[in-house]
Amino acid sequence: MFRSFRAAFPLILALFVSGLASAAEWKEGTHYERLDTPVPTNSQSGVEVAEVFWYGCPHCYNFKPLIENWEANAPEYVNFVKIPAALGRSWEPHAYAFYALQAMGELDKVHDALFDALAGERRPLNTPEALADFVAGYGVDRDEFLANYKSFGVNALMQKAQAKIRGARVTGTPTMLINGKYRVTASMAGSHEAVLEVLDYLVAKEHDNAE
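Residues numbered from 1 in each chain as written. Predicted model: local features only at pLDDT ≥ 70, side-chain atom pairs only at ≥ 80, totals over all residues. Heavy atoms only, no water.

Time to look at the environment of Gly-180. Within the secondary structure, Gly-180 sits in the loop between strand E4 (175–178) and strand E5 (182–184). For the pair Gly-180 and Asn-42, spaced 138 residues apart in the sequence, the C-alpha separation amounts to 9.4 Å. What Gly-180 contacts, discounting residues up to four positions off in sequence, is Leu-35, Pro-38, Val-39 and Thr-41. (Helix = DSSP H or I, 4+ residues; strand = E, 2+ residues; numbered from the N terminus. Contact = heavy atoms within 4.5 Å.)

Right, here's the structure in full:
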């Protein structure tokens, strides 16, 4: 038994050192930033990971399969949310469309198609009516969509989201917010793939701190 442990010890030590080195690579102020003032989260428990995105963003489009795979394999205590950004006037219709579809329970039906149309094909879906015609092609009721798009409830969700984005000082997409405390982007981490590693590090850190 001792001989087996002695044989395995170098591997155990290597894995331990590798883990420490990996964690040590991610430095606050370099690979991620701590927000001066935390922003509210929608999660009562666990660790909230929010993706700030825009349907017309090619970087978000490329990041999409990576973050979806990460979400699918994230620990059960992770609460993943999407926040559509309206960093410019031309982005606003797409953010309103997100919340209108969410209110209708139809978001999953059209989410991928909106990305394909706006970021992939760069189609000019820039008005409520153009978006209504588009989603109708996927079985979403056109009139109900427009009613939700222009509703007080959707506008309130939109304003709340944009206040959170401003509070987190988000200037581009995609941007990841962890528990309302940290901000991570590909330019900080070094790549889209590195963003996922920083997420793993910060999620584990927040979970450990909560215990």
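This next bit is on unusual backbone geometry. The omega angle of the peptide bond from Thr-173 to Pro-174 is -5°, so this bond is cis rather than trans. One non-glycine residue with positive phi stands out, namely Asn-179, at about 55°. Here Asn-179 is to be found in the loop between E4 and E5.

Turning to the pairing of E4, a few remarks are in order. The side-chain alternation of E4 yields two buried faces, one formed by Thr-175 and Leu-177 and the other by Met-176 and Ile-178. Strand direction decides the pairing type here: strand E2 (residues 47–53) and E4, joined by 4 bridges, are antiparallel. By the bridge assignment for E4, Glu-51 is matched with Met-176. As paired elements, E4 and E5 share 3 bridges and run antiparallel to each other. Within E5, the residue paired with Ile-178 across the bridge is Tyr-182. (Buried < 20%, exposed > 50% of the residue type's maximum accessible area, 1.4 Å probe, protein only. Pairing = 2+ DSSP bridges.)

Moving on to the environment of Ile-83. Its location among the elements puts Ile-83 in strand E3 (residues 78–84). In this structure, the C-alpha to C-alpha distance between Ile-83 and Val-52, residues 31 residues apart in sequence, is 4.7 Å. Here Ile-83 is in contact with Ala-50, Glu-51, Val-52, Phe-53, Tyr-99, Ala-161, Lys-164 and Ile-165, once residues within four sequence places are set aside.

Quick look at a negative patch on the surface now. Together, Glu-25, Glu-193, Glu-197 and Asp-200 make up a negatively charged patch on the protein surface. Among the elements that line the negative patch, the one with the most residues is helix H9 (residues 192–210), at 3 residues. Structurally, the position occupied by Glu-193 is in helix H9. (Patch = residues over 30% accessible without salt bridge, like charges linked within 9 Å, V, L, I, M, F, W, Y side chains within 5 Å. Areas by Shrake-Rupley, 256 points an atom, 1.4 Å probe, with all protein chains shown as cover. Salt bridge = Lys/Arg side-chain N within 4 Å of Asp/Glu carboxyl O. Lys, Arg positive; Asp, Glu negative; His and termini not counted. Charge placed at Lys NZ, Arg CZ, Asp CG, Glu CD.)

Where helix H4 (residues 107–120) meets helix H5 (residues 128–136), the closest approach of the two axes is 11 Å, and the angle between their N-to-C directions is 125°. On the basis of their axis angle, the class for H4 and H5 is oblique. In this structure, H4 crosses over H5, and the sense of that crossing is right-handed. Here H4 contributes Val-110, Ala-113, Leu-114 and Ala-117 to the contact with H5, which in turn contributes Leu-131, Phe-134 and Val-135. Among the residues making up the contact of H4 with H5, the classes are represented as 7 nonpolar, no polar and no charged. (Axes fitted to C-alpha atoms, helices over the stretch in contact; angles between N-to-C directions. Parallel < 35°, antiparallel > 145°, perpendicular 65-115°, else oblique. Left-handed = near helix turned anticlockwise from the far one by under 90°. Nonpolar A, V, L, I, M, F, W, Y, C, P; charged D, E, K, R; others polar.)

Next up on the list: the packing of helix H3 (residues 92–104) against helix H6 (residues 142–149). For the pair H3 and H6, the least separation of the axes is 8 Å and the interaxial angle reads 115°. With respect to their mutual orientation, H3 and H6 come out roughly perpendicular. Two packed elements cross with a definite hand, and for H3 against H6 that hand is right-handed. Seen from H3, the contacting residues are Pro-93, Tyr-96, Ala-97, Ala-100, Leu-101, Ala-103 and Met-104; seen from H6, they are Glu-144, Phe-145, Asn-148 and Tyr-149. A class-by-class count of the residues in the contact of H3 with H6 yields 9 nonpolar, 1 polar and 1 charged.

Distances and angles like these do not, on their own, reveal function.
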